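An overview of the molecular structure
Given next are the chains, with one letter for each unit.
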Amino acid sequence: MKRDAVRAILKTWRKAEKELKSLDREYRTIVDEIDALRGLQAVKMDGMPHGNAVTHPTEDSAVAILDMLQAKRSRLGDIFRKIEADERLLDRIKFAMVLAKNADLLKRYYHDGVRPMEKVAEEFHVSKRTAWYMETEGIDSIADLIL
């Protein structure tokens, strides 16, 4: 049971790193959009009537800008929470891998996604059975650190 939990965490290793990069790009895009929204200016009045109805273009623009800013800030909060969770997970994994037995094998299999285990076994010049034994030994060596 404990081994399955550790394996499930290690399977998210590579995904968490990719997600961090994606969230960073999204964060930068949102910051740029917010900066662009702050640069919007009110409609310049030229003194000439432009229709029959009374309108409030400056007020309408300001309300739209505030609504967009609120939505962007909300998304930034979500991004920060997800970044924090991913960084905590990656820190736990990196710490555990420093002390793990057969850390190179675990990295190749879980982080690099080398599948099936026969390919990993070939890289390490061992049999498939020995590779699985090494994987289990590595999982057991870090179980208490990751969970």
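Summarised in this report is the structure supplied together with it. In this text the structure is predicted, and so the values were computed from the model without any measurement.

Overview of helix 1 (residues 2–11)
- Taken together, the buried positions of helix 1 are Val6, Arg7, Ile9 and Leu10. All buried residues of helix 1 fall inside an arc of 160° around its axis, so they share one side.

Description of the packing of helix 1 against helix 6 (residues 128–146)
- One way to put it is that helix 1 packs onto helix 6 with a least axis distance of 9 Å and a crossing angle of 85°. Relative to helix 6, the element helix 1 is oriented roughly perpendicular. Note on element contacts: helix 6 touches helix 1 through Glu135, Thr136, Ile139, Asp140, Ile142, Ala143, Asp144 and Ile146, opposite Lys2, Arg3, Val6, Arg7, Ile9 and Leu10.
- Taken together, the residues of the contact of helix 1 with helix 6 break down into seven nonpolar, one polar and six charged.

Quick look at a positive patch on the surface
- Taken together, the side chains of Arg14, Lys18, Lys21 and Arg25 make up a positively charged region of the molecular surface.
- As for its position among the elements, Lys21 is in helix 2 (residues 13–38).

Quick word on the packing of helix 4 (residues 103–111) against helix 6
- Contact geometry of helix 4 with helix 6 gives a least axis separation of 9 Å together with a crossing angle of 100°. Classified by the angle their axes make, helix 4 and helix 6 are roughly perpendicular. Mapping the contact onto sequence places Leu105, Leu106, Tyr109 and Tyr110 in helix 4 and Ala131, Trp132, Met134, Glu135, Gly138, Ile139 and Ile142 in helix 6.
- A per-class count over the contact of helix 4 with helix 6 returns nine nonpolar, one polar and one charged.

Points about the nonpolar core
- Counting 36 residues, the largest nonpolar core has Leu10, Ile93, Met97, Ile142 and Ile146 as its most contacted members.
- Listing elements by their share of this core, those giving two or more residues are helix 1, helix 2, helix 3 (57–99), helix 4, helix 5 (117–123) and helix 6.
- Dropping the residues within four chain positions of it, Ile142 is found in contact with Val6, Leu10, Ala96, Met97, Ala100 and Leu106.

Regarding the pattern of salt bridges
- Per the stated rule, a full pass over the model turns up 15 salt bridges.
- One salt bridge connects Asp144 with Lys2, and the closest N-O pair in it is separated by 2.5 Å. Remark: Lys2 occurs in helix 1 and Asp144 occurs in helix 6; sequence separation between them is 142 residues.
- Here Asp112 and Arg108 are joined by a salt bridge, their closest N and O atoms 3.0 Å apart.
- You can call Asp112 partly exposed: its relative accessible area is 23%.
- What you see here is one network of salt bridges that share partners, running through Lys107, Arg108, Asp112 and Glu123.

Things to note about the environment of Thr12
- Inspection of the secondary structure assignment puts Thr12 in the loop between helix 1 and helix 2.
- A relative accessible area of 29% means that Thr12 is categorised as partly exposed.
- Residues Thr12 and Asp86 lie 74 residues apart in sequence; the distance between their C-alpha atoms is 9.5 Å.
- Of note is the side chain of Thr12, whose polar atom sits 2.6 Å from the backbone oxygen of Ile9.

Conventions and cut-offs
Residues numbered from 1 in each chain as written. Predicted model: local features only at pLDDT ≥ 70, side-chain atom pairs only at ≥ 80, totals over all residues. Heavy atoms only, no water. Buried < 20%, exposed > 50% of the residue type's maximum accessible area, 1.4 Å probe, protein only. Helix = DSSP H or I, 4+ residues; strand = E, 2+ residues; numbered from the N terminus. Arc of directions from axis to C-beta. Axes fitted to C-alpha atoms, helices over the stretch in contact; angles between N-to-C directions. Parallel < 35°, antiparallel > 145°, perpendicular 65-115°, else oblique. Contact = heavy atoms within 4.5 Å. Nonpolar A, V, L, I, M, F, W, Y, C, P; charged D, E, K, R; others polar. Patch = residues over 30% accessible without salt bridge, like charges linked within 9 Å, V, L, I, M, F, W, Y side chains within 5 Å. Areas by Shrake-Rupley, 256 points an atom, 1.4 Å probe, with all protein chains shown as cover. Salt bridge = Lys/Arg side-chain N within 4 Å of Asp/Glu carboxyl O. Lys, Arg positive; Asp, Glu negative; His and termini not counted. Charge placed at Lys NZ, Arg CZ, Asp CG, Glu CD. Core = buried A, V, L, I, M, F, W, Y, C linked by side-chain atoms within 4.5 Å. Polar contact = N/O pair within 3.5 Å; in protein donor to acceptor, adjacent residues only side chain to side chain.

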